[in-house]
Amino acid sequence: MGGLLESFLQHCLESVNAIQQKREAAKVYGGCNGYPRAMTLIDLANPTKFLSLTARLLPYLVTGTAIALAISLYLAATAPDDYQQGATVKIMFIHVPNAWLSMFVWAVMSASALGTLVWRHPLADVAAKAAAPIGASFTFLALVTGSLWGRPMWGTYWEWDARLTSVLILFMMYLGLIALWRAVEDPSRAARAAAVLTLVGALNLPIIKFSVDWWNTLHQPASVLRMGRSTLDPAFLIPLLVMAVSFTLLFATLHVAAMRNEILRRRVRALQMMQVCATSSDVSAASSDSQPV
Amino acid sequence: MSLGPYASFIVTSYLITALLVLLLIAWIVNDYRNQRRRLRELEESGVVRRSGRSATER
C-alpha cells in the first residue's frame, strides 16, 4: 500500500516538473508548443501587451480608414440616380452601413460578454464597455438617416412598424448599458451585470433581421444579405459594400482607441485607490502616534 | 452633381453622419489625453504601480 502511494506521489511530481519545463520553454520561445511567435493570443490578454499592440496598429488603421472613406464617398457621389428614388438613393450608402454596424457592434459585445462570463478574459469587458457608445452612435445614425430617407420615399419620418421599433429598442438598450456601466463603480461587478444584459439583448438581433419577413412593414425586405443573389444593381451594390467596409474599419479604429482609453482609465482608478489607501494608513498611523500612552 | 428636389434630406443625412463621427473621434482623442494627464499627475505625486513600471508606458 505504501509502495503504491509512493509511486503515485512520484508520478505526480514528475507531471508537475514536466508542466513547469513546458512553461519555461514557452517563455523562452515566446509562444506555446515551442513555436517562436511574436505575439500569442494569451499575450493579448495582458493589457500592457495590448497597449503596445494598439500603439503599432492604430496608425495603420487610421490611414486605412481615411483612404477607404475617401474612396467610398467618391463612389457614393458618382453613383447613378435610381429610376424611382432619384438621388435619394444616396442616403442608402450611409443608412445601410450604419444599420448593419448597429447590429454588428452588439454581436461583438455579445461575444465579449461570453468572454467575461465564461472565460473571464481580462480584456473582454473592456472591449464591451468601449464598444457601447460607438454602437449607440451607429444605431442613432441608422434611425436618423432612415427617417430622412423615409420622409421623401414613404411620406413619413416615422412608423411604429416592427423594423423601426426593434431598432429603436436596440438604441435604448445601448443607452441602458452605458447607464449601467456608469452606475456601478466597481468595473468587475458592472461587467458581469452588463454581460448578462448584453446576452439578453442579443435576442433582439434576429428580431431586427427577420422583422421585415415576419410582419407587414413599410420597410423593404432584405436586398443584400439574403438567400440567393442580391437584388441590388452592381451600380449601387459596389458603392454600398465599399462604404460598409469603410464603416467597419472606422468601427475597428474607434474601438481599439476606446479600449486603450478604458485600460488607462482603470490604471488611473487603481492608482487613485492606492493613493487613498496610502493616505488613510498615514492618517491612522499619525492618530495612533498622538494617542496618550 | 444634381441632387434633385430632396437635396436637403440627402445633404442633412451626410452632414449628421459626418458630425457625429467627428464628435466620436474628438471624444476618444480628448479622453485619451485626459487619462494620460491624470496618470502623469498621479505618478508625479509619487503613486506607482505594484509592478513598479510606469502606468503611461505602452
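Residues numbered from 1 in each chain as written. Chains lettered and ligands numbered in written order. Predicted model: local features only at pLDDT ≥ 70, side-chain atom pairs only at ≥ 80, totals over all residues.

Engineer: Hey, could you run me through the nonpolar core in this one?
Structural biologist: A general tendency of soluble globular proteins is for nonpolar side chains to be buried together. With 57 residues, the main nonpolar core has Val105, Met109, Ala127, Ala128 and Ala131 of chain A as its most contacted residues. Secondary structure elements with two or more residues in this core: α3 (47-78), α4 (92-119), α5 (124-154), α6 (162-183), α7 (187-201) and α9 (234-290) of chain A together with α1 (7-44) of chain B. With 15 residues, α5 of chain A is the single largest residue contributor to this core. Other than its neighbours up to four places away in sequence, Ala131 of chain A contacts Val105, Val108, Met109 and His255 of chain A. (Core = buried A, V, L, I, M, F, W, Y, C linked by C-beta atoms within 7 Å. Buried ≥ 20, exposed ≤ 12 C-beta atoms within 10 Å, placed from the backbone. Helix = DSSP H or I, 4+ residues; strand = E, 2+ residues; numbered from the N terminus. Contact = placed C-beta atoms within 7 Å.)

Engineer: How should I be thinking about α4 of chain A in this particular structure?
Structural biologist: The end-to-end C-alpha distance of α4 of chain A is 39 Å, a good match for the 40 Å that 28 residues give at a rise of 1.5 Å each. Positioned one or two residues after α4 of chain A, Arg120 of chain A has a phi angle of 50 degrees, which is positive. (Expected span 1.5 Å × (residues − 1).)

Engineer: In this structure, what is going on with unusual backbone geometry? I would like to understand it.
Structural biologist: It is generally the case that most residues other than glycine have a negative phi and that most peptide bonds are trans. Positioned with a positive phi, Arg120 of chain A is a non-glycine residue whose angle comes to about 50 degrees. By secondary structure assignment, the location of Arg120 of chain A is in the loop between α4 and α5.

Engineer: For this particular structure, what's the right way to read the packing of α5 of chain A against α6 of chain A?
Structural biologist: Geometry of a packed helix pair, given as the angle between the helix axes and the separation of the axes. Residue and element names in this part refer to chain A. Where α5 meets α6, the axes come as close as 9 Å, and the angle between the chain directions of the two elements is 150 degrees. By the criterion of interaxial angle, the relationship of α5 to α6 is roughly antiparallel. The crossing of α5 and α6 is left-handed. Mapping the contact onto sequence places Lys129, Ala132, Pro133, Gly135, Ala136, Thr139, Phe140, Ala142 and Leu143 in α5 and Val167, Leu168, Leu170, Phe171, Tyr174, Leu175, Leu177, Ile178 and Trp181 in α6. When its residues are assigned to classes, the contact of α5 with α6 shows 15 nonpolar, 2 polar and 1 charged. (Axes fitted to C-alpha atoms, helices over the stretch in contact; angles between N-to-C directions. Parallel < 35°, antiparallel > 145°, perpendicular 65-115°, else oblique. Left-handed = near helix turned anticlockwise from the far one by under 90°. Nonpolar A, V, L, I, M, F, W, Y, C, P; charged D, E, K, R; others polar.)

Engineer: Explanation requested: the packing of α4 of chain A against α7 of chain A in the structure shown.
Structural biologist: Residues and elements named next belong to chain A. Following both chains from N to C, one finds α4 and α7 inclined at 135 degrees, their axes separated by 8 Å at the closest point. By the angle between their axes, α4 is oblique relative to α7. When the axes of α4 and α7 are compared, the crossing they make is left-handed. Between α4, through Trp106, Met109, Ser110, Ala113, Thr116 and Leu117, and α7, the contact on the second element is made entirely by Ala191, Arg192, Ala195, Thr198, Leu199 and Gly201. Along the lines of polarity and charge, the residues of the contact of α4 with α7 split into 7 nonpolar, 4 polar and 1 charged.

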